[in-house]
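Residue-level structural notes
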Amino acid sequence: MRTRRSTLAAVAFAGVVAMTTAGCFGPVGAQGAGGAPVVFANTGGALAEVFKANAYADLSAQGVTVADESPNNEAKLTAMVQGGNPTWDVFYSTPYTAMGKCGTLFEPIDWNRVDRSGLDPAQTSECGVPIINSSFLLVYNKAKFGANPPTSWADFYDTTRFPGTRGIMNYAKDAGMETALLADGVPGTQLYPLDYDRAFRKLDTIRASTRFYDTGAQQTQALQSGEVDMMLAWPGRAYDAVKGGAPLGVVWNQPLSYFDTVTVVKGAPHRDQAYQLINALIGQKNQKAITDRMPYLPTNSAAAPSADPTIREFIDGPQSNGTTVVRDNAWWAQNLDQATQRWTSWVNR
């Protein structure tokens, strides 16, 4: 999933409310309270470059400047909001964070101000507007496994038939527990509530063969260098590794689908411009630009998926044969803290 958030306690950032702008696009003196830009806290990287070239550029022509800052750190956001002086207006979020922190960190969306004609109502929430669709995937080194590649999560968790080093992101929310349960035979429609004990028993079977990563850049480097033989991967980072020469195969058996959202920060100083930015981000032009450059599916049905064959290797479609597993965001909204505690205890024991 593109969005990455710190699990550090907000108190560590209680004194941090000043903003350092990572990027700014548009004319000086654009619209916003006091002529200041509308500020978008997002993930940075290639996705932010697409935003700048499309959504920000269109707003610039309308006299609205967008400044972006990354990373979109939830602890820093919490300190800003609790301090009563947020400098961010729009925040790139997971849907379950948008649900769980609605009214505390985020403003309820005024849907009369959002063009939701192309959006899936099932992906909208009181405080969240969907922006990209993606999946957690099993990818593997084709040179390592040759004519006997892994074909399922069960294979990822089978170090006897498929020896080699595994890679997993070191966050509870990055599907380690879900894929362990799928590998252990839990049907995709019966994953939730997660059975922690069963999941960790399965994760124990690969612990000695697994490396844990904290950033997407580490994930790409590990795949390119051959440091890992298979990975529970973010499609964007696996795609980057392939572009860098990594001989990766993709297993489209029970991909775990997810989507990201954008939110309006509670007390946002430029609320009018925040809605203009959100509409530009979910608009057909920007959505199509995302799918043409990166391995994501649009959330706006008016934008078509990419025709690029390499990108299509990393986006869900007929190749998953109806096996796609849908994440329960309502469960994650209620259980993120507990799940994170359980994951952290397991990793650090």
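Reference entry: report on the structure contained in this document. Being a predicted model, the structure only gives us computed values, none of them experimental.

**Considering the overall build of the protein chain**
Each helix and strand in the protein chain was counted, giving 13 helices and 11 strands. Residue pairs at least 24 apart in sequence account for 75% of intrachain contacts in the protein chain once pairs closer than 6 positions are excluded. For the protein chain, the accessible area works out to roughly 13,800 Å², and carbon and sulfur atoms hold 48% of it.

**A short note on the packing of helix α6 (residues 176-183) against helix α7 (residues 196-204)**
In contact at an axis separation of 8 Å, α6 and α7 are set at 80° when each is read in the N-to-C sense. Judged by the angle between their axes, α6 and α7 are roughly perpendicular. Only Y196, R198, A199, F200, K202 and L203 of α7 make contact with α6, whose side of the interface consists of G176, M177, A180, L181 and A183. Taken together, the residues of the contact of α6 with α7 break down into 8 nonpolar, 1 polar and 2 charged.

**What about the packing of aromatic side chains?**
The geometry of an aromatic ring pair is captured by two quantities: the separation of the ring centres and the angle between the planes. Applying the stated rule across the entire model yields 19 aromatic pairs. Centroid distance Y196 to W331: 6.3 Å. Interplanar angle 50°. Geometry classified as tilted. Of the two residues, Y196 sits in helix α7 while W331 sits in helix α13 (residues 329-348), which places them 135 residues apart along the sequence. W331 shares its class with Y196; the two are buried.

**Things to note about the pattern of salt bridges**
Side-chain pairing between opposite charges can occur once the charged atoms of the two side chains come close. All told, the structure shown has 17 salt bridges when counted by the stated rule. In this structure, D240 engages R237 in a salt bridge whose closest nitrogen and oxygen atoms are separated by 4.0 Å. Remark: R237 and D240 occur in helix α9 (residues 235-243); sequence separation between them is 3 residues, near one turn of the helix. Among the residues examined, R237 registers a relative accessible area of 24% and is labelled partly exposed. Ionic pairing is found between D240 and K243, a salt bridge with its closest N-O pair at 4.0 Å. Here the residue D240 and the residue K243 both occupy positions in helix α9, the gap between them amounting to 3 residues, near one helical turn. The class for D240 is partly exposed, based on a relative accessible area of 27%. Given a relative accessible area of 55%, K243 falls into the exposed group.

**With respect to the environment of G236**
The residue G236 is located in helix α9 in this model. The class for G236 is buried, based on a relative accessible area of 6%. Taking the C-alpha atoms as reference points, G236 and P295, separated by 59 residues in sequence, lie 5.7 Å from one another. Sequence-distant contacts of G236, that is, excluding residues within four places in its chain, are made with P295 and Y296.

**Concerning unusual backbone geometry**
Here the amide bond leading from S70 into P71 is cis, since omega sits at 5°, within 30 degrees of zero. Following the sequence through the fold, P71 ends up in the loop between β3 (66-69) and α2 (74-82). With an omega of 0°, the peptide bond between Y192 and P193 qualifies as cis. By secondary structure assignment, the location of P193 is in the loop between α6 and α7. Even without being a glycine, Q254 presents a positive backbone phi close to 60°.

Definitions and cut-offs
Going along each chain's sequence as written, the residues are numbered from 1 onward. Two thresholds apply to this predicted model, a pLDDT of at least 70 for residue-level local features and 80 or more for giving and counting side-chain atom pairs, whereas whole-chain, interface and lining totals are computed over all residues. Side-chain descriptors were evaluated using all non-hydrogen atoms of the structure, hydrogens and water having been removed beforehand. Each helix is a run of H or I in the DSSP string that is no shorter than four residues. Each strand is a run of E no shorter than two, and both are numbered from the N terminus. Contacts are residue-level and defined by heavy atoms, with any inter-residue pair within 4.5 Å sufficient. Accessible areas in this description were obtained via Shrake-Rupley with a 1.4 Å probe; residue shielding takes into account the shown protein chains only. Axis lines are fitted through C-alpha atoms, for helices just across the contact stretch, and the angle between N-to-C directions can take any value from 0 to 180 degrees. Put simply, angles under 35 degrees are roughly parallel, angles over 145 are roughly antiparallel, angles from 65 to 115 are roughly perpendicular, and the rest are oblique. Here the term charged refers only to Asp, Glu, Lys and Arg, the term nonpolar to Ala, Val, Leu, Ile, Met, Phe, Trp, Tyr, Cys and Pro, and the term polar to all other amino acids, Gly among them. Note on aromatic pairs: the rings of Phe, Tyr and Trp (six-membered ring only in Trp) are paired at centre separations within 6.5 Å, and the planes decide the class, stacked below 30 degrees, edge-to-face beyond 60, tilted for the rest. Per-residue accessibility, obtained with a 1.4 Å probe over protein chains only, is compared with the maximum for each type, and a residue is labelled buried under 20%, exposed over 50%, and partly exposed between these values. Every case where a carboxyl oxygen of Asp or Glu lies within 4 Å of a side-chain nitrogen of Lys or Arg is listed as a salt bridge.

Keep in mind that these numbers describe shape and distance, not what the molecule does.
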